[in-house]
Amino acid sequence: MRHPVVMGNWKLNGSKEMVSGLIKGLDAALNGVEGVDVAIAPPVMYLDLAEQLLSKANSKIILGSQNVDLHNNGAFTGDISPAMLKEFGASHIIIGHSERREYHNESDEFVAQKFAFLKENGLTPVLCIGESEAQNEAGETVAVCARQLDAVINTQGVEALNGAIIAYEPIWAIGTGKAATADDAQRIHAAIRAHIAEKSEEVAKNVVIQYGGSVKPENAAAYFAQPDIDGALVGGAALVAESFAAIAKAAAEAKN
Ligand SMILES: O=C[C@H](O)COP(=O)(O)O
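Residues numbered from 1 in each chain as written. Predicted model: local features only at pLDDT ≥ 70, side-chain atom pairs only at ≥ 80, totals over all residues. Heavy atoms only, no water.

> Would you mind going over helix H10 (residues 217–224) with me for this structure?
The periodicity of an α-helix, 3.6 residues per turn, causes residues three or four places apart in sequence to face the same way. Of the positions making up H10, those classed as buried are Asn219, Ala220, Tyr223 and Phe224. Take H10 and look down its axis: the buried residues cluster within an arc of 140 degrees, on one side only. As for H10, its buried residues are in contact with strand S1 (5–9), helix H8 (182–197), strand S7 (208–212), strand S8 (231–234) and helix H11 (241–255). (Buried < 20%, exposed > 50% of the residue type's maximum accessible area, 1.4 Å probe, protein only. Helix = DSSP H or I, 4+ residues; strand = E, 2+ residues; numbered from the N terminus. Arc of directions from axis to C-beta. Contact = heavy atoms within 4.5 Å.)

Okay, here's the thing in structure tokens:
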């Protein structure tokens, strides 16, 4: 039985005041919600504050981050290491987000190296995969997702996916309000799981696959009603405590 995971990717949004208000609001709104792992990835600058607030509230919210470097120390100006993330209590680390693939030219191979380095350091990779609008229209969605996954599977073995999280995010659905239908998302999730099952049915059965792309309280329940959608990676709606909590509650209700 896979445990649902709902994660908020705050992207480049935040201030001390916002972090404080959002974490307090979220912790209160999630009071009594069981059966779903809820994680947040604030900008790295606010991890210290977030860790302090979560620990003061004795919160169950999991702390995450939006990126990581391939080294734990050295002359790598501007980068953040797994060791640093761990020191501030972050465990779930987003890699391969389409915004980083696009704006920072991150290749499948580079993302796969980050995946391996996170695992080596005992952190949970949240591996984002997904196709562009043009690839979608050309019918290449499954092939693109398989290629992005194979960068990990072919270098680290399919078992490397054990304990990791995959986030299927069609790029055309991110921040656009044009979400994939629950049926279409389910079809792709099933294909992703089938691709993994070609190497190991056991790994495929256990790996958590989130959907991401314009998930809102209004459409969340439809996604979570699908058998292969195990949670969500949420952007915009994760910046409002009530909305994000409603999405987490929908996952808890659908999956338990
Ligand atoms: O990482 C989150 C995704 O990019 C989804 O963002 P969104 O919910 O604003 O569409």
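> Explain the sheet that holds S7 to me, please; I cannot follow it from the model alone.
Whenever strands of a sheet pair, they do so through backbone hydrogen bonds, lying parallel or antiparallel. Strand order around the closed barrel formed by eight strands is S1-S2-S3-S4-S5-S6-S7-S8, with parallel pairing between neighbours. For this sheet, the mean inter-axis angle between neighbouring strands, taken without regard to orientation, is 25 degrees. Bridge count between strand S5 (residues 124–129) and strand S6 (residues 165–168): four bridges; the pairing is parallel. Across the sheet, Cys128 pairs through a bridge with Ala167, a residue of S6. (Pairing = 2+ DSSP bridges. Axes fitted to C-alpha atoms, helices over the stretch in contact; angles between N-to-C directions.)

> Before we go on, may I ask you to explain the nonpolar core in this structure?
Most often, soluble globular proteins keep nonpolar side chains buried together rather than apart. Among the nonpolar cores identified, the biggest contains 71 residues, and Leu161, Ile196 and Phe224 are the most heavily contacted of them. Among the elements that make up this core, the one with the highest residue count is H11 (eight residues). When neighbours within four sequence positions are excluded, Leu161 is seen to be in contact with Phe115, Leu149, Val152, Ile153, Ile166, Ile196, Val203 and Val207. (Core = buried A, V, L, I, M, F, W, Y, C linked by side-chain atoms within 4.5 Å.)

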